[in-house]
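# A closer look at the structure
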Amino acid sequence: MAPSTITIEAPRPRFEPAALTPGDEQAGIRDAVRGIFAKYATVEQIRTVSQTPLGYSSEQWTRLVDDMSVTTLAAPEDQGGLGYGMVELGIILEECGRSLSPEPVYSSAVLGVQAFLHAPTHTDEARKKLLDGSAVAAVSTLTTEGDRILARKTESGWILDGESHNVVGGSGADVVVVSAQYEDGVGVFALETERHVDARPRTVLDPTRRQADLTVTQSPAILLASAEHSATYIAHLRDLSTLALASENTGIADAVLDMTVEYVKTRSQFGRPIGSFQAVKHRLADVLIELERARSAARYAAAVYDGRPDDAHLAIAVAGAVCIDAALHAVHEAVQLHGGVGFTWEHPAHSYLRRALGNEAIQGDSRTHRARIADLVAL
């Protein structure tokens, strides 16, 4: 009797999303948000507001919420949103990367809002505050092992004690989503930072994306996902984090390529612009190729996620790997091709380098995503 053959089918997307082709509406979103950033978010302005206690401009956050609907754009209409998806929100995230925006679009408008929208439990009141922008959320680095937090059920509700580290936007958030151990396993909880939560800002590489360590002491919390649902719920949020930063990394690569091309047109050596040298042209052409790959990968992953989120894991992992490589390559070339000035803190290239390295620390390097790809295709 011949041995049976087991066929492993790769978890690839099985359709071609219509959203892959940008339309006039999406171009309008890009133009509008780029105009806001051009007017109110120069590198000098961003460096100034990132040093304030909040870490970002509350006025700029209000503009993004009111004028660009960053909190409601990717929320379903029946839950108070506009009914668009991650393709449209990805455009805004790409522009956030281009401008190095410190506002909590990634941490609150994406992760925070989606954490409440996809919570298996009932969270109407908290969700409304996040959607209208009156509250800002932060999501810890969720793991299936839980943060260093213990949860216990009392007659009045859930109480949390413990610590969570490296929480992006933790010091400026009104609500924090954490994972915690309790008697049934690991659950995901939301707690208000003003109620028995001590946030200590960390010194990080990228000052435009602040992080904090949180100490939680007898803090009341609401359960977002029980141990039964937490693994799927956490995996979903981690996919969203990778997808959001992939879009942002694409914007970083785009910005520094434009910046570097303009510089090499005007910087002269031996009586001619250095951009006319073949070696420089080849280096910038390589950056452009990686940028186009990153833009395609991020947009495709967002389109698949909007169409069939359960079928998007592979596309998101590919986008995570491709986009972080593109951003890091672009920023390193920008620093080098700007010569000595590119190595100084005063030059914008230095800020883009820090943001790209900071994003890599948050989401993992390309090897991490490629290991995820290997798992998904059963290699």
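My aim in this report is to walk through the structure given alongside it, one point at a time. Nothing here was measured: the structure is a model prediction, and the numbers come from that model.

Conventions used here
- Going along each chain's sequence as written, the residues are numbered from 1 onward.
- For this predicted model, a pLDDT threshold of at least 70 governs which residues receive local features, and a threshold of 80 or more governs which side-chain atom pairs are given and counted, while totals over whole chains, interfaces and linings are taken from all residues.
- Derived side-chain values reflect all non-hydrogen atoms in the structure, with water molecules and hydrogen atoms excluded from consideration.
- Helix axes use the C-alpha atoms of the stretch in contact, all axes being lines fitted to C-alpha atoms, and the angles between their N-to-C directions lie in the range 0 to 180 degrees.
- By definition, any uninterrupted DSSP run of H or I lasting at least four residues is a helix, any uninterrupted run of E lasting at least two residues is a strand, and each is numbered from the N terminus.
- Each angle is binned into one of four classes, with values under 35 degrees roughly parallel, values over 145 roughly antiparallel, values of 65 to 115 roughly perpendicular, and all other values oblique.
- Take the far helix as your reference; a near helix turned counterclockwise from it by less than a right angle gives a left-handed crossing, and one turned clockwise gives a right-handed crossing.
- Should any heavy atoms of two residues lie within 4.5 Å, those residues are considered in contact.
- Each residue is assigned to one of three groups, with Ala, Val, Leu, Ile, Met, Phe, Trp, Tyr, Cys and Pro labelled nonpolar, Asp, Glu, Lys and Arg labelled charged, and all others, Gly among them, labelled polar.
- Residue burial is assigned from relative accessible area. The probe radius is 1.4 Å, only protein chains are included, and a residue is buried under 20% of its type maximum, exposed over 50%, and partly exposed in between.
- N or O atoms closer than or at 3.5 Å make up a polar contact, with two conditions inside protein: a donor-capable atom paired with an acceptor-capable one, and, for residues adjacent in sequence, both atoms drawn from side chains.
- By definition, a salt bridge exists where a carboxyl oxygen of Asp or Glu is found within 4 Å of a side-chain nitrogen of Lys or Arg.

For the pair helix H7 (residues 230-266) and helix H10 (residues 348-363), the least separation of the axes is 10 Å and the interaxial angle reads 160°. One element, H7, and the other, H10, form an angle in the roughly antiparallel class. Where H7 crosses over H10, the handedness of that crossing is left-handed. Contacts between H7 and H10 involve Thr242, Leu245, Ala246, Glu248, Asn249, Ile252, Ala255, Val256 and Met259 from the former and Pro348, Ala349, Tyr352, Arg355, Ala356, Asn359, Ile362 and Gln363 from the latter. Tallied by class, the residues present in the contact of H7 with H10 amount to 11 nonpolar, 4 polar and 2 charged.

Next up on the list: the side chain of Gln26. Within the element layout of this structure, Gln26 appears in helix H1 (residues 24-40). Judged by relative accessible area, which is 11%, Gln26 ranks as buried. A distance of 3.1 Å separates polar atoms of two side chains, one belonging to Gln26 and the other to Glu88. A polar contact of 2.8 Å, which involves the side chain of Gln26, links it to the side chain of Arg299.

For the rest of this paragraph, the subject is the pattern of salt bridges. Under the defined criterion, the tally for this structure stands at 18 salt bridges. Between Glu95 and Arg30 there is a salt bridge, with the nearest N and O atoms lying 2.9 Å from each other. Within this pair, whereas Glu95 is found in helix H4 (residues 86-99), its partner Arg30 is found in helix H1, the two being separated by 65 residues in sequence. Judged by relative accessible area, which is 2%, Glu95 ranks as buried. Among the ionic pairs, Glu248 bridges to Arg355, the shortest N-O distance being 3.1 Å. Residue Glu248 is found in helix H7, and its partner Arg355 is found in helix H10; the two are separated by 107 residues along the sequence. Comparing Glu248 with Arg355 shows no difference in burial state: the two are buried. Here the residues in one salt-bridge network are Arg30, Arg34, Glu94, Glu95, Arg98, Asp254, Asp258, Glu292 and Arg295, joined through shared partners.

Read these as spatial facts, not as claims about activity.
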